[in-house]
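# Summary of structural features
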Amino acid sequence: EGFVDETRREFRMLVEERHPELLEHVRAADEARAFRGPGWAAAFCLALRRLMEHAYEIVAPIEAVRAWPIVVNVASDKNKKLKSQLLQPSGTPTTFARILFATSSVDPMVDVSLPTFVGTDFNGVKRTLGLLNRHIHEFSVPVDEAALDLAQARAERYTLFVLRLPSKES
């Protein structure tokens, strides 16, 4: 309970001060959760996923990642595996490319595995939200408010972490 309350307070303060555009996703999750009408769990989970994805629009905008020398070089590279890790078939950078971009200003000597950790954490939170939605919707598992609180806190904590990554300008 302390983790959830602390996370919510810290997250809300940062978002209200520096990224108020993210509040729409938080409000959407809160409204879906309060409404409990048809499809509320999917709407709740989608709002939290959008929250995390929107953080990447802030710290790793698609156009900036697309113009990043690493991505530009890979786009012309013949290594199909590397290209598929960084670029979707449409040429849009993958989430992994955006994670690399967002974490590239952190000294690799400090933590060479940071992009792997951030990517694994991102996928873990997304999967948790998917499982939560599936259990509520498909399997009609009774709603556990503590599980909803924890899922929301995890998504918000992840977003908070991403927003605090040092920017390329610093």
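Structure report, in brief.

So, how was this worked out
Residues numbered from 1 in each chain as written. Predicted model: local features only at pLDDT ≥ 70, side-chain atom pairs only at ≥ 80, totals over all residues. Heavy atoms only, no water. Helix = DSSP H or I, 4+ residues; strand = E, 2+ residues; numbered from the N terminus. Polar contact = N/O pair within 3.5 Å; in protein donor to acceptor, adjacent residues only side chain to side chain. Contact = heavy atoms within 4.5 Å. Expected span 1.5 Å × (residues − 1). Buried < 20%, exposed > 50% of the residue type's maximum accessible area, 1.4 Å probe, protein only. Arc of directions from axis to C-beta. Core = buried A, V, L, I, M, F, W, Y, C linked by side-chain atoms within 4.5 Å. Phe/Tyr/Trp six-rings, centres within 6.5 Å; stacked < 30°, edge-to-face > 60°. Lys NZ or Arg CZ within 6 Å of the ring centre and 35° of its normal. Axes fitted to C-alpha atoms, helices over the stretch in contact; angles between N-to-C directions. Parallel < 35°, antiparallel > 145°, perpendicular 65-115°, else oblique. Nonpolar A, V, L, I, M, F, W, Y, C, P; charged D, E, K, R; others polar. Salt bridge = Lys/Arg side-chain N within 4 Å of Asp/Glu carboxyl O.

By the secondary structure assignment, Asp121 is in helix 8 (residues 114–137). At 2.4 Å, the side chain of Asp121 and the side chain of Arg154 are in polar contact. In this structure, Asp121 is in contact with Arg154 and Tyr158, ignoring residues within four places of it in sequence.

For helix 1 (residues 2–18), built from 17 residues, the straight-helix expectation of 24 Å at 1.5 Å per residue is met to within 8% by its first-to-last C-alpha distance of 24 Å. Among the residues of helix 1, those classed as buried are Val4, Thr7, Arg8, Phe11, Leu14 and Val15. Projected down its long axis, helix 1 shows its buried positions confined to an angular sector of 145 degrees, all on one face. Away from its buried face by more than 90 degrees, helix 1 exposes Arg9, Glu16 and Glu17. Those residues of helix 1 that are buried are in contact with helix 2 (23–35), helix 3 (40–59) and helix 9 (145–163).

Ranked by internal contacts, the top residues of the largest apolar core, which has 45 residues, are Phe44, Tyr56 and Tyr158. Taken together, the elements giving at least two residues each to this core come down to helix 1, helix 2, helix 3, helix 5 (69–76), helix 7 (95–103), helix 8 and helix 9. It is helix 3 that provides the largest number of residues to this core, a total of 11 residues.

Our next topic: the packing of aromatic side chains. Here the structure, examined in full by the defined rule, presents five aromatic pairs. Here Trp40 and Phe44 contribute two aromatic rings whose centre-to-centre distance is 6.5 Å and whose plane-to-plane angle is 50 degrees, an arrangement assigned as tilted. Placement of both Trp40 and Phe44 in helix 3 is noted, with a separation of four residues, approximately one turn of the helix. Each member of the pair Trp40 and Phe44 is classed as buried. Relative to Tyr158, the ring of Phe122 has its centre 5.6 Å away and its plane inclined at 40 degrees; by these criteria the two rings are tilted. Highlighted residues: Phe122 in helix 8 and Tyr158 in helix 9, separated in sequence by 36 residues. The same class applies to Phe122 and to Tyr158, which are both buried. Each residue in the set Tyr56, Phe122 and Tyr158 is aromatic and connected to the rest through ring pairs, giving one cluster. In this structure, Arg36 packs its charged tip against the face of Trp40, placed 4.4 Å from the ring centre.

As a further point, take the packing of helix 2 against helix 9. Axis separation between helix 2 and helix 9 bottoms out at 12 Å; the angle between their running directions is 170 degrees. Of the possible angle classes, the one that applies to helix 2 and helix 9 is roughly antiparallel. Between helix 2 and helix 9, the residues in contact are Val26, Ala29, Asp30 and Arg33 and Glu145, Leu148, Asp149, Gln152 and Glu156, respectively. Tallied by class, residues from the contact of helix 2 with helix 9 come to three nonpolar, one polar and five charged.

Close approach of charged atoms lets side chains of opposite charge pair. A full pass over the atoms with the stated rule returns 14 salt bridges. Between Arg157 and Glu6 there is a salt bridge, and its shortest N-O distance comes to 3.9 Å. Of this pair, Arg157 sits in helix 9 while Glu6 sits in helix 1, and the two are 151 residues apart along the sequence. For Arg157, a relative accessible area of 21% corresponds to the partly exposed category. For Glu6, a relative accessible area of 44% gives the class partly exposed. Residue Arg50 pairs with Glu53 through a salt bridge whose shortest N-O separation is 3.4 Å. Here Arg50 pairs with Glu53, and both are found in helix 3, just three residues apart, close to one helical turn. For Arg50, a relative accessible area of 29% puts it in the partly exposed group. Connected through salt bridges with shared partners, the residues Glu6, Glu10, Arg157 and Arg164 form a single ionic network.

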